[in-house]
Amino acid sequence: MAEPLNTTEISCSYVVGEDGLARWSEVHADAWVGLLETTKRLTRDLDAELEAAHGIGLSGLELLGRLASAPERRLQLSVLAGEANLSLSRVSRVVDSFERRGLVERRQCPRDARSVEAQLTGAGLTLAREAQATHFASVQRCFFAELDPREIATLAAVFARFAPRAASACDADRSATG
């Protein structure tokens, strides 16, 4: 039989000790620190796996996926940076490495001569599909396989409150590169 829920502990997320330092309650520490540590571990492991298999990291995969799903498979670098929530300089460095590998081509933006677009090549689309397959299999193995369907539904409901339209923003990425 499950232990009864201690609602006092849940309603009081932290206390300040006599030394003036705040400390999370045990359940809040398990939730918050667990989220942070799980995110760090998964990100590190998934990034390393993509790097070893395809020579790109998670942010590179995201940029390839966004380009793959964009009209004509191209986006202005500033738009790409905004959509991926990365700095323009970071996106520019990744696009430089993609360009050297023949995955993208930089082009003058026809609508704004001051802007540069990244155009995904056929090789870039192929890599996006292969890397996405690796990534989805890794996430399945490292994350979803550790949860039962009710836990997945609970996480989906919880995270939907923090990022209400996050999954729908990625729908085009899934359909274009999946």
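Scroll up to find the structure this text is about.
Residues numbered from 1 in each chain as written. Predicted model: local features only at pLDDT ≥ 70, side-chain atom pairs only at ≥ 80, totals over all residues. Heavy atoms only, no water.

**Thoughts on the pattern of salt bridges**
Part 1: Counted under the stated rule, the structure contains 13 salt bridges.
Part 2: We note a salt bridge from E37 to K40, for which the minimum N-O separation is 2.8 Å. Of this pair, E37 and K40 both sit in helix α2 (residues 26-54), three residues apart, roughly one helical turn.
Part 3: The exposure class assigned to K40 is partly exposed, which follows from its relative accessible area of 46%.
Part 4: Among the charged side chains, a salt-bridge network with shared partners connects E72, R74, R111 and E117. (Salt bridge = Lys/Arg side-chain N within 4 Å of Asp/Glu carboxyl O. Helix = DSSP H or I, 4+ residues; strand = E, 2+ residues; numbered from the N terminus. Buried < 20%, exposed > 50% of the residue type's maximum accessible area, 1.4 Å probe, protein only.)

**Points about the packing of α2 against helix α6 (residues 122-142)**
To describe two helices that pack against each other, one gives the angle between their axes and the distance between the axes.
Part 1: Between α2 and α6, the least distance of the axes is 10 Å, while the angle of their chain directions is 145 degrees. Where α2 crosses over α6, the two elements pack in a sense that is right-handed. Contacts between α2 and α6 involve L42, L46, E49, L50, A53 and H54 from the former and L127, E130, A131, T134, H135, S138, V139, R141 and C142 from the latter.
Part 2: Counted by class, the contact of α2 with α6 contains eight nonpolar, four polar and three charged residues. (Axes fitted to C-alpha atoms, helices over the stretch in contact; angles between N-to-C directions. Left-handed = near helix turned anticlockwise from the far one by under 90°. Contact = heavy atoms within 4.5 Å. Nonpolar A, V, L, I, M, F, W, Y, C, P; charged D, E, K, R; others polar.)

**What to know about the packing of aromatic side chains**
Part 1: The final tally for this structure, using the stated rule, is two aromatic pairs.
Part 2: Seen from their ring centres, Y14 and W24 are 6.1 Å apart, and the 85 degrees between their planes marks the pair as edge-to-face. With Y14 in strand β1 (residues 14-16) and W24 in strand β2 (residues 22-24), this pair connects stretches of sequence that are 10 residues apart.
Part 3: For W24, a relative accessible area of 44% translates into the label partly exposed.
Part 4: Taken together, a centroid distance of 5.1 Å and an interplanar angle of 70 degrees make the contact between F143 and F144 edge-to-face. (Phe/Tyr/Trp six-rings, centres within 6.5 Å; stacked < 30°, edge-to-face > 60°.)

**Quick notes on the layout of surface pockets**
Part 1: Put simply, the second largest pocket is a space of about 240 Å³.
Part 2: For the lining of the second largest pocket, the secondary structure elements donating two or more residues are α2 and α7 (149-162).
Part 3: Here the element with the most residues in the lining of the second largest pocket is α7; it accounts for six residues.
Part 4: Split by residue class, the lining of the second largest pocket holds seven nonpolar, one polar and one charged. (1 Å grid on protein atoms, 1.4 Å probe; cavity = no way out; pocket = protein on both sides within 12 Å on 5 of 7 lines; lining within 4 Å. Points joined across faces, edges and corners; volume = space filled by probe spheres on them.)

**Considerations on the sheet that holds strand β3 (residues 74-76)**
Part 1: Reading across from one edge, β3-β5-β4 is the order of the three strands in this open sheet, with antiparallel pairing throughout. If you trace the sheet from one side to the other, it starts and ends with β3 and β4 (104-109), each paired once. When the angles between neighbouring strand axes are averaged without regard to direction, this sheet yields 30 degrees.
Part 2: Relative to strand β5 (residues 112-120), β3 runs antiparallel, the two being bridged by three bridges. When the sheet's bridge partners are listed, L75 is paired in β5 with A118.
Part 3: Here helix α3 (residues 58-69) sits on the sheet and contacts β3, β4 and β5; the angle it forms with β5, its principal contact strand, is near 100 degrees. (Pairing = 2+ DSSP bridges.)

**Observations concerning unusual backbone geometry**
Part 1: The residue R73 is not glycine, and still its phi comes out positive at about 55 degrees.
Part 2: Notably, N85 is not glycine yet its phi reads approximately 55 degrees, a positive angle.
Part 3: Its location among the elements puts N85 in the loop between α4 (77-84) and α5 (88-100).
Part 4: A residue is classified by how much of its surface remains accessible, and N85, at 70% relative accessible area, is exposed.

Nothing here speaks to function; it is all geometry.
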